[in-house]
Amino acid sequence: MAAEGPEKTAEEGAGAGAGNGGTRYDLEKETELRFEVDAGEKVQLELLTGLAEIFGSELNRNKKYTFGPGSKVAVFTWQGCSVSLSGKTEVAYVSKDTPMLLYLNTHAALEQMRRQAERDNERGPRVMVAGPTDVGKSTVCRLLLSYAVRLGRRPTLVELDVGQSGVSVPGTMSALCIERPADVEEGYSVQAPLVYHFGSTSPGTNIKLYNKLTSCLADVFSQRCEVNRKASVGGCIINTCGWVKGSGYQALVHCASAFEVDVVLVLDQERLYNELKRDLPHFVRVVLLPKSGGVVERSKDCRREARDEKIREYFYGFRSASFFPHAFDVRFSDVRIYKIGAPSIPDSCLPLGMSQDDTQLKLVPVTPGRDLTHHVLSVSCADEGEEGSPVCGFIVVTNVDTQAQVMTVLSPAPRPLPRHTLLIMDIRFIDLK
Amino acid sequence: MADQNKTAEVKSSNELLSPSELFEARTRSHKIPVRGQKDFLPSGSDQQRERLQQSLQEHWKLVSEERVERLGNLVKAVWIPSDQRVELLSPAGKFWQTMGFSAHGKQCLHPEEALYLMECGNLQVFYKDLPLSIQEGYETFLCSKTMSIHHYKVFGHLKRLGYVVTRFDPSRVPSQYERQLNLAQSRERPGRRLKRKRSLSPPSGHTETQEGATAMGTEEERDGNREEEDMNPMPEDTNPKLKDTNPKPENIHPKPEDTNPDDTQMAAQDDPSTTAEGCRSWWSKGGSPHPDLPGQSQNTGSPRWDFTSISFPDLGSRHQHPRSLASPDPCLLPGAVGSVGPCDVVPWLNRLNLREVRMSRREQERERDRDRYHRDVNLDREVQRCRNWTEYRDLLERRSRRRHRDRPAHLWEGEVTPLHDPSQVCLTGELMDKISVVKSTQLFEGASSLKCSNEWRISFNIYQPDTVAEFKKSTPGKPYSRMCVCSFSGPVPDLQTLKVLAFQSGDVPVTYAVEDHGDISFYCFKNFQIPKDESF
């Protein structure tokens, strides 16, 4: 953070400690307090005076918010406030230098579009947020969604980032209707999201399937817009993954076309901005926005942990406290396990007249075996081998008994499984805690 | 051989010749009449007919000539039709080293061997206690069960040239599995591998290398033979005789011109009705591709969103942008935010990421290729007219349809379409690859899975004349070549046959002997790489 130049670094209000053992920070107008929580630590945040928000969600005064290890938080205030932090932080400093005003202006423009849509009985803005990894795409999405919701809109979040999904477990692509600002601690309240199984954390493993599911989500969203006026006016905000080269870029263009986006927000990369301006028709507004100085690069490990945490959260609830998953045996004969996409084979080995593309969307039956252990399986809504169905839930295989032809699974609901078609993911989850 | 000669011979076989007759037979000219060159066409002239007559007469004279041999030199044998073989009654001569076989403790000859020996005057074959004349030998021994006349001609030709010729037995060729096992052996002893060079064409494909290696293995297994062969210092292809009989190496790459896509084109053009129709529809639609366009362009209007009034803080268009953003209308903001001041854009402009994106070389190349054919979609006037995605997508679809429609109907609407769409850009190398309908193939490629028809089979193993001294029938070793016999009037072996026979023969080259009324020519097929310009 050496680049942060003129800002006042931390501790400015330390002397005026609020008396509850924490460090007091007095924030000026349009500044933000950034802090990271150490591994294995917890930090409590309390708003003492004024108004403040975290990624667009307002803080309640005198309520203690707890942030777990690895959290990276920015408390922003438009008018000025004072907060107190207790617990061990890795870094904590106040920064004047935030692009929040730019983001707010972006929101204002989108809101203008929603008003116009409401007036003209049209559909609202569809926004795609693109950019390389670690520029704060998800944060910008969350910010814009929260502001929209706070004005009574019902925007939809389309999560296409298969590596770090904000909605469901990793390896999925999903859409979620946002009805209230994201919880300061827990994130979006996930109720009835539409989730599709992708199966891997990188779109590159099966770009055909990725594009197909994107189109699928776009179709479903359009259908919803036709029947739900509020959702139509609210529009959608699409979070993409940070792969912006080669096929990843093509996937972005495809997504823009599938969702018929009106606005593309490009974060930080001018090159991507220029490319998209060139390849998207003129009526699509491509906007270049800076990234926030508070954005931290996440390491590979960090991403993996975040993925693991997301899966754990699915089974055990937030902070492993609220849900109690079931473990039971499932006979192999009762389920059918598939993998989407046959492994690519040289063209010379394919039957005559068949191309590689045909195999990428195919359901390939998987013979249950020991190597299934710890894999995450999606329970597909599909009844009988039909394709393109969403997912109704996830299970994790904790043990495989090949002798008895039985596997033990961790499931959020008691037996029996609601459906019998399971799709295997490349992602594994080891239930340690 | 006329009938009277036969009876005379039967008689004479038990007869003793008088000294004068014997002298006459001995001093007879041994010159074989020269066949000379064939005339190209029957010209109908007297001269040609005379020459032909004379040649025929000489031939008949030679054939009908009485063969005089010493009774002691003749090996007696008896024809056993049930077994299709000739059993020797008296001890075999020198020919036993390279011919014949033992069965049930008796020395036997194959019919073709017996016939050849009869012609050489080494053998007298009895059937039903009567000696067979040479003509009778031809009639009895050469039948569908034993061997055709073509095969015998090739056999005799090679024998006369001094080659050792044995029947080919497929079961004695090591199977692929055995070859594979031997491959492992030969790998253990790499020193052996460099010892000899195969006359087989240089291995260019993977299969070939493998075959070559297996060949070494086979060779090593038969220890005795290898020594024999090693003693023979002569490189295999310096043999003059096989070479002289006009071997014509052919490459097995059929030329792509054979299948000419133009043919279909011509055929389609010949049919006037289809052409006219195709053209008309093409013109009527293509002439005014968008009848609705003029109207469309009038009501172009503006896209739904007027982005001049909806201002996004876009840092990309840095030159047109005001230095600071006006503060947004508070009614657009969430209540708690209240009113905010204007935003200064300038400091953010300097903070954008303008770094070059790190790309691998392949990505860079792809990028460059794309840039070459890729322009800003908005430079297109029709795209500029589109106001929303629906129109834009319609336009794209219309274009792709038109691109299909622009193509001449008589070429593209039929079942057979051209190999390449000229509107699609591709590299010259790719294009060359695309239009080569008949792909080049290696002789051994895919051969293992092919089934051979019964029509074609390998008939003989050939061993070189200079190995005769060391030749052992029990361990004949690796043949110099294997012979498949074709008739000049019969069909030409197809690629499948070539492949199957080559595979069956393994590391030994297969030679195709074509018999044309006594003239025999030899052909062999070799892998041949069509030269390719690597610069593509």
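In this report, we go over the structure that sits alongside the text. In this text, all values refer to a predicted model and were calculated from it rather than measured experimentally.

## Structural notes on the interface of chain B and chain A
- Between chain B and chain A, the contact holds 56 residues from the first and 63 residues from the second.
- Counting each side, the surface lost to burial between chain B and chain A is near 5,200 Å², with a carbon and sulfur contribution of 58%.
- Taken as a group, Phe312(B), Leu332(B) and Trp389(B) account for 15% of the area that chain B buries against chain A, more than any other trio of residues on that side.
- One can count 1 salt bridge joining chain B with chain A.
- In this assembly, chain B and chain A are joined by 8 residue pairs in polar contact (both at pLDDT 80 or more).
- Of all the secondary structure elements, the ones that give two or more residues to the side of chain B that touches chain A are α16 (361–373), α17 (381–385) and α18 (389–406) of chain B.
- With 5 residues, α16(B) is the largest single contributor of residues to the side of chain B that touches chain A.

## A look at the sheet that holds strand β9 (residues 89–95) of chain A
All names here are of chain A.
- Within the open sheet, the 5 strands sit side by side as β5-β4-β7-β2-β9. Their pairing is antiparallel. The strands lining the two open edges of the sheet, one partner per strand, are β5 (57–58) and β9.
- Relative to strand β7 (residues 72–77), strand β2 (residues 31–37) runs antiparallel, the two being bridged by 6 bridges. Within β7, the residue paired with Arg 34 across the bridge is Ala 74.

## A closer look at helix α2 (residues 137–150) of chain A
Residues and elements named next belong to chain A.
- Here α2 is 14 residues long and its end C-alpha atoms lie 20 Å apart, about the 20 Å a rise of 1.5 Å per residue gives.
- The buried fraction of α2 is high, at 12 of 14 residues.
- For α2, the complete set of buried residues consists of Lys 137, Val 140, Cys 141, Arg 142, Leu 143, Leu 144, Leu 145, Ser 146, Tyr 147, Ala 148, Val 149 and Arg 150.
- A positive phi of about 85° marks Gly 152, the residue just after α2.

## Some thoughts on the sheet that holds strand β2 (residues 85–88) of chain B
- The mixed open sheet is built from 6 strands, whose spatial order is β3-β4-β2-β1-β5-β6 (chain B). Looking along the sheet, the strands with just one partner apiece sit at the ends: β3 (101–103) and β6 (130–131) of chain B.

## Description of the pairing of strand β12 (residues 481–487) of chain B
Residues and elements named next belong to chain B.
- Most of β12 sits out of view: 7 of its 7 residues are buried.
- Note: β12 against strand β13 (residues 510–516), 6 bridges, orientation parallel. Across the sheet, residue Cys 484 finds its bridge partner in β13, namely Tyr 512.
- Running through helix α21 (residues 495–505), the crossover from β12 to the neighbouring parallel element β13 is right-handed.

The rules behind each value
Residues numbered from 1 in each chain as written. Chains lettered and ligands numbered in written order. Predicted model: local features only at pLDDT ≥ 70, side-chain atom pairs only at ≥ 80, totals over all residues. Heavy atoms only, no water. Contact = heavy atoms within 4.5 Å. Buried area = accessible area lost by both parts, 1.4 Å probe. Salt bridge = Lys/Arg side-chain N within 4 Å of Asp/Glu carboxyl O. Polar contact = N/O pair within 3.5 Å; in protein donor to acceptor, adjacent residues only side chain to side chain. Helix = DSSP H or I, 4+ residues; strand = E, 2+ residues; numbered from the N terminus. Pairing = 2+ DSSP bridges. Expected span 1.5 Å × (residues − 1). Buried < 20%, exposed > 50% of the residue type's maximum accessible area, 1.4 Å probe, protein only. Right-handed = clockwise from strand over helix to strand, strands pointing away.

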